[in-house]
Amino acid sequence: MTNRVEAREQSGRKAGASDERVFVRDGLRSYRRTYRRQEVYWGAAIVAGLLGVLLWVRHKGQHPDPSLYDMSAALSGAAPTGAQVVVGAERTPLADRGPGAAVQEASRANPAPAPADAPADTAGAAERGPLPPELAAGAFREGKIGAYTPDNLYVKIDGRAEYYLGFGLKSMHSVTLESSSGASVEIELYDLGAARNALGCYNGERAPGAESTVESGSTFRFDRNAAFLTRGPYYARFVGSDETPEVVAEVQRLVEILRTKLPSEERPWAFDLFVDQLKLPASQVSYARENAFSFGFAHDVYKVSLSAADSQDNMEAFVAVKADAAGASSMAKQFQDGFRSLGAAAGQTPAGVPLFKDEFLGSFSGATASERWVIGVNSAPSAERAHQVLQQLEQGLHALPEAVRVKAQPAPEPAKGGENE
Amino acid sequence: MSNERRRARQVEPTPEPSAQDLEQQRDHQRIERRALLKGALGLGGAVAAAGWVSLAPSSWPLSLRDPDGERGKPTAAVRSLPEGGFRVPDAPSVADLGVAHGTQLKPMLLAALDALGGVGRFIQRGDVVVIKPNVAFERPAALGATTNPEVLTALIEIVREAGAKEIRVADNPIESPSSCFVRSGIQAATQAAGARLFLPTPEEFALLGTPGATWIERWPFFWGPFVGANKVIGVSPIKDHNLCRASMTTKNWYGLLGGRRNQFHQDIHGIIADLALMLRPTFVVLDATRVLFRSGPTGGSLGDVKPGHTVVVSRDSLAADAYGWDNLLERQGEALPAYFAKSAARQLGQPEWRKLALREVNIG
Amino acid sequence: MKRLPVLQSVQSAPRAIALAAQNATKPNRDGSPWYARVFRLTTTRIITQAFCFGLFIFLLWVTWFSRLGGYPASLFLELDPLVTFATAVSTHTVYRWLWRSLWILVPTLVLGRVFCGWICPYGTLHQFIGWVFNIRRNKDNISVNAYRPIFQFKYYLLVVFLILSAFGALQIGLLDPICLLTRSVATAIQPAFDTALPDALAGIAARPGAPHPRVFAGAWFIGFLLIGLVGMNLVIPRFFCRVLCPLGAFLGTLSRFALLRIDRDLTRCTDCNLCMRHCEGASDPQEALRKSECFVCFNCIDDCPEDALAFRLAPVPVHEQIIGSLKEGTARLFGRKVISKLPETVLAPPDVPRRRWVFAGIAGLLAFPFLRFSKAVNARSYSAKAIRPPGSVSEPEFLERCIKCDQCINVCPTNVLQPSTLAEGGLEGLWTPVMDFRTGFCQLNCTLCSEVCPTGAIQKIDLARKLGKEAHVEAGPIRLGTAFFNRGRCLPWAMETPCVVCEEVCPTSPKAIGTYKQEITRWDGKKVLLNQPYMRPELCIGCGICEHECPVQDDPAVYVTAIGESRSKDRSLLLGSRETPTKT
């Protein structure tokens, strides 16, 4: 037993001694006894081969593949798809346009990505609507352009939207132009679909005493730092932030631009009657798309104001066209019933047109049919005057050129809720 | 043990210890006492040390006591740039803005610097100069998104000829730094001109304190190149930028920020105003040899770039920027971006460049 | 005369060196000059191993944009014959530089497994670790280098891998030594090296100028696997090479045709077994040499005291020429007395029983459907986040080609390429490159990954092809995927806070991100101008810099997913989009 212990101790010591070394034991020792020079020659050849490999790697390293470092592709050509972003085509996110607007907006705007050769303008034009790009060319910087439909107009002009919807609003575009000093002018451009609607809308917002200028297809007026314009189917309102000369000048410039750039339309047939035949000023002509004189049946009625600007009374002659004579006489009857409800019958004109006297105003009103047309007068100061007007209207109608008579057609009935025409 | 042996033991009297034996025993006891003393001292020392380290008041040396966790919180040294920035003294008789047009960059830069009083006013013998170009993106120089390497070369040569001891070029790009420096040509230009290039490795960053700043009162900053530097020059291209409207010499310092700097776009004009406060350079060069007028700041198409053939040098980065806004980006009439007003409110520059003395030269 | 190995002497170093030099230049006992001993073939082998290892590490170190030049960065992968063979089996093509493996194949057919003994850097690593930390004494060295049946395992692996390759699932990269070492160095060792490097030496950093330390998914596993496999050398020397290496199995199967091999002279061999002391391949030189295991390392020749071993051309077994009886000691061969008691000198084919070959075949046949029908790699439910590098072929072809070498991950300048984890790609896609836009993004003008891929999983593309310019305008740019906005997390959309970093950094021209401008009054009365971003999917190339820069870092408000990538027809998003151009 002792021997085993001793032997274990001995070997353990030896093992311990060898384990104390960190590195290898007998690392370089080999047992071979003979050596050959041949190995050295092979070894030298192999090392020469290694040097060759080294030189080859170095050679490759110094001759890079040019395409790896060639940046010319990054510099060449236009964008791969050829499209360009149109500057200024910023629009409000779809979420803000109300329900149903997404569909309208999509059908209106260009849905597909522009192909390489498509003009970039069309995408931009859809955003601006009828607002001409020249608006931005002045010292006032053009801000965001808002586009509204009948469904979400209230977002922009809460409260007044009904008025415009009543005139058959198709769309509205608004833009605010700002100067570097902080002054601004806001433009609201309403597309009402037809010149008569725009005209009616314009006149509806006009104070009785405000004078309009009618010039080459446009009707407009200025009011301190504001302006109002109608041309073709468009009605534009311009409102400046203050009355400084800078703002007023800008308003004038903008009106001038829209006046020249907006498309005009042929003026309604009633102008031929009122202006050409009856020699009345064009600025006095107006139009009621619906609810003329607050009568629910009275759609598509043209009116002209006959009173002087500063007089107390409010005499108007009016005319409407129907599809046929039966329709006209039926509407004339409706007018008569309407006037009767406001007062009492007051005899007839010498031509046989029943007159009615208003209970409170004491003025005379009457209407009658003439072929397809309905003619009438409202708030005449006297029966004689009423008769006189009616006669003038009758004669004027007969004197209308054939072309105009043919052109005179009734407008489509406004659908419930005031949708597009 | 067997019973016999036990009995034998009891019967046999044990021999008395001799004096020698007792002496030996006493020596042994002495040794034992010494061992006890040593052991006890060692133990006491260890206990005392442990007690000291954990219980001695925090202010005493070698104490690790941390009753509320405050000491354990990491603190980092906050560095600061020299008081007054890297500006040279005012010299009222020279121009504030030097504008040079032409195609030969070194004469243009020299002429623009002469308008400001000559390069000797700014760089003296033995200066350590940091030049900060814009190398934010991995784009070839022709796309106008980065500083023109030829402008950088010319600037380095001018600064060296003025006697600078060491010229350092540094930027912290948005994309991979190694590729950005190579592809934009800045690395080659730096090495050919013999300047030292600093790459933004993590150890080069340190916290910088900017007192009075809104957002970067303390923020990781590319500190490495600024150790021992006493002059700083910014050289930036002129670029359109959707968020802050234009990126020019003031926004150039953005490239020295580290950390999560992508948060600052929530108040981009505020951060640019802070940058103007953070770093007051010796002078800035607005490299308008190319103008990236659209689709900036990354660009990407030659159609977004037009030649500008201009360099603008100024001590006042706001003035240089405003000049670039009006004349090179051709946005005169549009309102200046908000950072101009914010910086001007802190007296960091004069955005109304027309009120400053300007000299314009045409070279070739 | 006893030579003092330098390492064992702890006395004064200059004296020890002088002594060693003196010893080294003494002429040998047999009269041959000293250089015949100092520069014997094993010395040359060691030099070659060190050179190849150094070259391997150098080529990986140089795989970086600022250093790459024209260096053949993937040279060792291209030299690897198993890579060439397996990809030829799976794709029926030999891509680009893979023909270079002929430089290894031909010497193998002549000399045997010289690759394992002289060239393989992973083998060098194992051998070095096994030698340096060897605490065994002679007897144990000899017994540990004996052949064991477990060494057959690598042949089973090879069969399984080759059958999988035939079916189009290339899995050799899991255990191929060059792929494994490249992957380990790229993902685990280089980042560790860079972190440990002191600032003064920053010039030799593996990835200079990286603003953040490079991180790789699953690097812990790759690193531990490396340590584990290398550590096994302490148990069995060159454990990996003998037990697991499929390349070794492949070369071993080929080396049965080798013209030269170690031959044992029966009239000199005394059966002392010293030749097994440092036999690297455990090829039993002391009895019947296993040709398919021999690494041609010449250690056996170095250790034979009787000069009984030699490396000879086409030796034919002699045991049939012996006259007499070995047992009684009267055997004679060609007139000389036969000393050795083991007359067999060679065993040519890999020693795998036939039935076991069949088992391996069946395992291979089953492995394919098990791998392929794990959901992660199927067309019906591919991972939306498995976004491949630009220039990649479509997914089924990718899995036929990718050898998981991770060279692309190595070279990627922004660290966006990550080895795929089991969750993203299953086992079949493990360690293949996918993009993680939280760590990086794909730089617009960079095509480095396509340059270094040895097998064409990422086809070599030039910049014009990547950007869709010049000759490739019709095909359009290479798209990696499409970016999407999560408006509920986007600062301008959901939080009344201005931002729009994504639009700023979008590299395409025109930008693939547009903004709606909206001025609002916030809840606290402040007026802010919000730039609310939206996608233009026709322009988006899926580079991911928007996701990377989005300040909502933990779950970005703009993120890229794989749909819309141009390499796959079945992953297109828009009607007008085009796939990789192979149009007729």
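For every chain, the first residue of the written sequence is number 1, and numbering continues from 1 onward in sequence order. Working convention: letters from A go to chains and numbers from 1 go to ligands, in the order in which they are written. Local features in this predicted model are restricted to residues of pLDDT 70 or higher, and side-chain atom pairs are both shown and tallied only at a pLDDT of 80 or more, whereas totals for entire chains, interfaces and linings draw on every residue.

A short note on the overall build of chain C
And step 1. Of regular secondary structure, chain C possesses 24 helices and 12 strands.
And step 2. Looking at chain C alone, contacts between residues at least 24 apart form 71% of all its contacts between residues at least 6 apart. Under the DSSP-based scheme used, a helix requires at least four consecutive residues in state H or I and a strand at least two consecutive residues in state E, with every element numbered from the N terminus. What counts as a contact is two residues whose backbone-derived C-beta atoms lie within 7 Å of each other.

As for the overall build of chain A
And step 1. Assigned secondary structure in chain A consists of 14 helices and 14 strands.
And step 2. Across chain A, every contact between residues at least 6 apart in sequence was considered, and the portion connecting residues at least 24 apart equals 57%.

Section: the packing of helix α11 (residues 177-196) of chain C against helix α12 (residues 219-231) of chain C
Residues and elements named next belong to chain C.
And step 1. Axes here mean lines fitted to C-alpha atoms, for a helix over just the part in contact, with angles spanning 0 to 180 degrees between N-to-C directions. In contact at an axis separation of 9 Å, α11 and α12 are set at 125° when each is read in the N-to-C sense. Taken together, the axes of α11 and α12 lie oblique to each other. As α11 runs across α12, the sense of the crossing is left-handed. Residue-level inspection shows R183, S184, T187 and A188 of α11 in contact with α12, the latter providing A219, I222, G223 and L226.
And step 2. For the contact of α11 with α12, a count of residues per class yields four nonpolar, three polar and one charged. Oblique is the label for any angle not under 35 degrees, not over 145, and not in the 65 to 115 range, which are roughly parallel, roughly antiparallel and roughly perpendicular in turn. By convention, the crossing between two helices is left-handed when the near helix turns anticlockwise from the far helix through less than a right angle, and right-handed when the turn is clockwise. Only Asp, Glu, Lys and Arg are considered charged in this grouping, and only Ala, Val, Leu, Ile, Met, Phe, Trp, Tyr, Cys and Pro are considered nonpolar; every other residue, Gly among them, is considered polar.

Side note on the interface of chain C and chain B
And step 1. Listed per partner, the contact involves 35 residues of chain C and 30 residues of chain B.
And step 2. Here the side of chain C that touches chain B is composed, by residue class, of 19 nonpolar, 11 polar and five charged.

Side note on unusual backbone geometry
And step 1. In this chain, G296 of chain B is followed by P297 of chain B through a cis amide linkage whose omega measures 0°.
And step 2. By the secondary structure assignment, P297 of chain B is in the loop between β10 (283-292) and β11 (305-314).
And step 3. In this model, S509 of chain C is joined to P510 of chain C through a cis peptide bond whose omega is 0°.
And step 4. Tracing the backbone through its elements, the reader meets P510 of chain C in the loop between α23 (501-505) and β10 (513-521).
And step 5. A positive phi is found at H92 of chain C, a non-glycine position, where the angle reads about 60°.
And step 6. Positionally, H92 of chain C belongs in the loop between α5 (81-91) and α6 (102-111).
And step 7. Exposure criterion: with C-beta atoms placed from backbone coordinates, a residue whose C-beta has 20 or more other C-beta atoms within 10 Å is buried, one with 12 or fewer is exposed, and one in between is partly exposed. We classify H92 of chain C as exposed; it has 8 C-beta atoms within 10 Å.
And step 8. Residue K404 of chain C is not a glycine yet carries a positive backbone phi of 55°.
And step 9. Tracing the chain through its elements places K404 of chain C in the loop between α17 (395-401) and α18 (407-411).

Some remarks on helix α9 (residues 338-345) of chain B
Side chains of residues three or four places apart in an α-helix project in the same direction, reflecting 3.6 residues per turn.
Residue and element names in this part refer to chain B.
And step 1. Looking only at α9, the buried set comprises Y339, F340, K342 and S343. End-on, the buried residues of α9 take up no more than an arc of 170°, which puts them together on one face.
And step 2. Buried-residue contacts for α9 involve α7 (268-278) and α8 (317-328).
And step 3. Directly beyond the C-terminal end of α9, a positive phi value near 60° is found at Q347. Within this analysis, the arc is defined by the directions that extend from the helix axis to the C-beta atoms.

Details of the nonpolar core
And step 1. Residues enter a nonpolar core if they are buried, belong to Ala, Val, Leu, Ile, Met, Phe, Trp, Tyr or Cys, and are joined to the set through C-beta atoms within 7 Å. Residues A112, I131, L155 and V311 of chain B are the most contacted members of the largest nonpolar core, which totals 244 residues.
And step 2. Here the element with the most residues in this core is helix α10 (residues 153-167) of chain C; it accounts for nine residues.
And step 3. With near-sequence residues (within four places) excluded, A112 of chain B lies in contact with G98, V99, A100, V311 and V313 of chain B.
And step 4. Of all hydrophobic cores here, the second largest spans 81 residues; its members include Y164, I187, V285 and V321 of chain A.

Section: the environment of A341 of chain B
Residues and elements named next belong to chain B.
And step 1. Assignment of secondary structure puts A341 in helix α9.
And step 2. The partly exposed category is assigned to A341, around which 14 C-beta atoms lie within 10 Å.
And step 3. In this structure, the C-alpha to C-alpha distance between A341 and H269, residues 72 residues apart in sequence, is 9.3 Å.

So, the sheet that holds strand β6 (residues 205-209) of chain B
Strand pairing in a sheet takes place through backbone hydrogen bonds and is either antiparallel or parallel in direction.
Residue and element names in this part refer to chain B.
And step 1. Here, a strand pair is defined by DSSP locating no fewer than two bridges between the strands. Taking strand neighbours across the sheet as the criterion, the three strands line up as β1-β6-β7 in an open arrangement whose pairing is mixed. Of all the strands in the sheet, the pair left with one neighbour each is β1 (78-79) and β7 (218-222).
And step 2. Pairing of β1 with β6, which is carried by two bridges, proceeds in the parallel orientation. Its bridge partner lying in β6, V78 is registered against L207.

Things to note about the packing of α5 of chain C against helix α14 (residues 246-254) of chain C
All names here are of chain C.
And step 1. α14 packs onto α5 with a crossing angle of 85° between their chain directions and a minimal axis gap of 9 Å. If you check the angle between α5 and α14, you find them roughly perpendicular. Note on element contacts: α14 touches α5 through P246, L247, F250 and L251, opposite P81, L82 and F85.
And step 2. Looking at the contact of α5 with α14, its residues break down into seven nonpolar, no polar and no charged.

Things to note about the sheet that holds strand β12 (residues 354-358) of chain A
All names here are of chain A.
And step 1. On the basis of which strands lie adjacent, the open sheet formed by seven strands has the order β8-β9-β10-β14-β13-β12-β11 and antiparallel pairing. Only two strands of the sheet have a single partner each, and these edge strands are β8 (285-288) and β11 (343-348). Each strand of the sheet is rotated relative to its neighbour by a mean of 25°, with strand direction disregarded.
And step 2. In this sheet, strand β14 (residues 373-380) lies alongside strand β10 (residues 316-321) in antiparallel orientation, the contact comprising six bridges. Across the sheet, the residue bridging to F318 is G376, located in β14.
And step 3. Seen against the sheet, helix α11 (residues 269-277) touches β8, β9 (301-305) and β10 and runs at an angle of roughly 145° to β8.

Brief notes about the confidence of the model for chain C
Should pLDDT be low for a region, the predicted coordinates there are not to be read in detail.
And step 1. Looking at chain C, the pLDDT average stands at 88 and 95% of residues meet or exceed 70.
And step 2. Predicted as a complex, the structure gets a pTM of 0.70 and an ipTM equal to 0.87. Each residue gets a pLDDT score, which is the predictor's confidence in that residue and runs from 0 to 100.

Things to note about the confidence of the model for chain A
Residue and element names in this part refer to chain A.
And step 1. For chain A, per-residue confidence averages 76 on the pLDDT scale, and residues scoring 70 or more make up 77% of the total.
And step 2. For chain A, helix α5 (residues 101-108) is the element with the lowest average pLDDT, namely 39, and helix α2 (residues 37-62) is the one with the highest, namely 94.
And step 3. Scored below 50 in pLDDT, residues 96-125 makes 36 contacts in the model with residues more than four places away or belonging to other chains.
And step 4. A low-confidence stretch, residues 417-421 stays under pLDDT 50, and its non-local contacts, those more than four residues away or across chains, total 11 contacts.

Topic: the environment of G84 of chain B
And step 1. Secondary-structure assignment places G84 of chain B in the loop between β1 and β2 (97-102).
And step 2. C-alpha separation for the pair G84 of chain B and L277 of chain B, spaced 193 residues apart in sequence, amounts to 10.0 Å.

Considerations on the environment of R196 of chain A
Residue and element names in this part refer to chain A.
And step 1. Relative to the helices and strands, R196 resides in helix α9 (residues 195-204).
And step 2. A tally of 26 C-beta atoms within 10 Å means that R196 is categorised as buried.
And step 3. If we ignore the near neighbours within four places in the chain, the residues touching R196 are P268 and Y287.

A closer look at helix α3 (residues 105-115) of chain B
All names here are of chain B.
And step 1. Taken across its 11 residues, α3 has eight buried, putting it largely inside the fold.
And step 2. Tucked inside the fold, the buried residues of α3 contact β2, α4 (149-161), β11 and β12 (358-363).
And step 3. A positive phi of about 110° marks G117, the residue just after α3.

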